[in-house]
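Structural features, examined
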Amino acid sequence: MAQAPATSKAHRFGLKLAASLGLTPLVIRMNPVESEIAALELRAEDAHHVPKQRKQVTFLVPLVGPHHVGDWPAVVERLDATLRCFLAQDNPHWNVVVCCQESPALPDDPRITYLPFDDPEPGNDKWRKLAALCDHLPEMNLAPGYVMSFDADDLLRQGVVGEMLTRQAPGGYLVEAGYVMDAGTGVIALADAPTFKEPLRKPFWKLCGSCAAIAYDPEMPQSTAFLRAMTAHEHRMFPYLAELAGHGLAPLSRPAVLYVLNHGENFGARRGRVGFKTRFVERFRIDDPSELAEIAEGFPQP
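Below or above, wherever it landed, is the structure these notes cover. (Residues numbered from 1 in each chain as written. Predicted model: local features only at pLDDT ≥ 70, side-chain atom pairs only at ≥ 80, totals over all residues. Heavy atoms only, no water.)

**Here we look at the packing of helix α5 (residues 126–136) against helix α7 (residues 221–230)**
- Viewed as axis vectors pointing N to C, α5 and α7 meet at an angle of 170°, and their least axial separation amounts to 9 Å. As far as their axial angle goes, α7 and α5 are roughly antiparallel. Here Ala-131, Cys-134 and Asp-135 of α5 come into contact with α7, specifically with Thr-224, Leu-227 and Arg-228.
- Looking at the contact of α5 with α7 residue by residue, the class counts come to 3 nonpolar, 1 polar and 2 charged. (Axes fitted to C-alpha atoms, helices over the stretch in contact; angles between N-to-C directions. Helix = DSSP H or I, 4+ residues; strand = E, 2+ residues; numbered from the N terminus. Parallel < 35°, antiparallel > 145°, perpendicular 65-115°, else oblique. Contact = heavy atoms within 4.5 Å. Nonpolar A, V, L, I, M, F, W, Y, C, P; charged D, E, K, R; others polar.)

Listed below in structure tokens is the structure:
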């Protein structure tokens, strides 16, 4: 299972417009792909359901297998830093599932569990692991909440779980603003929507897959099917698919995730897609000591 290709921007615009106007024959003629069909099915099912109180946030973490990396202990160490950002959250209503061929050493906390993965198909298996994680959701006995795919080397800001569960955004949340750090240099940059002064800056969700928390109802099979189909795509498709599903994503109030580049085992590095992000960090680097201190405070390790 390879990553599903993105649809064209013109197709997305037309399909979203047709769906919003209820033009079902036109939607059919536009030949929506699997993820778009799943989004439209969730949209239709949602119309018959009263929104529920969201009680927890579930993070799905696909971890690269030891046979794909040169330094497995270093991968596990970075995963541990990721998990400790969850443990540091001031709202305890979260859980994490880590999917990998081999179980890494995990913190002793019942909210953190391991999902075995034994698919022998060669190649990058990130998207097959995400599919397995989504398929596992119905077995978790979850309450209504939010589900977020999260890379095993990214860091979540303190307070994000609490913000999600306090605000109760109907469709979910988007990480519009976040940080990107070059592990080789230690330089940190802000990724956010472009402005008049910074027209070339990019929002975080265009750079990193740990960017969307989708409202999830375990009683609706369409909710699981949508997450499975959505996460088969690159993250740039997430906001569009969520909106097509009627799950418009609300931006979080503060930079919410820290994405670490150039640590040696990034998925992107194995696909040759990190160079422009390194240049992005240099272009939008943060040098103000007070800003850097605030960032360090926001991503504590217990």
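**Examining the sheet that holds strand β5 (residues 155–156)**
- Taking strand neighbours across the sheet as the criterion, the 4 strands line up as β5-β11-β7-β8 in an open arrangement whose pairing is mixed. Across the chains shown, the open sheet's two edge strands, defined by having one partner strand only, are β5 and β8 (188–191).
- Direction of pairing for strand β7 (residues 178–182) relative to β8: antiparallel, over a ladder of 4 bridges. Counterpart to Val-180 in the pairing with β8 is Ala-189. (Pairing = 2+ DSSP bridges.)

**Overview of the pattern of salt bridges**
- If you walk through the whole model with that rule in mind, you get 14 salt bridges.
- The salt bridge involving Arg-285 is made with Glu-282; its shortest N-O contact spans 3.3 Å.
- Arg-285 sits in the partly exposed class, given a relative accessible area of 37%.
- The exposure class assigned to Glu-282 is partly exposed, which follows from its relative accessible area of 36%.
- Measuring nitrogen to oxygen at the nearest pair gives 3.0 Å for the salt bridge that ties Arg-285 to Asp-287.
- Each of the salt bridges in this network shares a partner with another, and the network as a whole consists of Lys-52, Asp-217 and Glu-219. (Salt bridge = Lys/Arg side-chain N within 4 Å of Asp/Glu carboxyl O. Buried < 20%, exposed > 50% of the residue type's maximum accessible area, 1.4 Å probe, protein only.)

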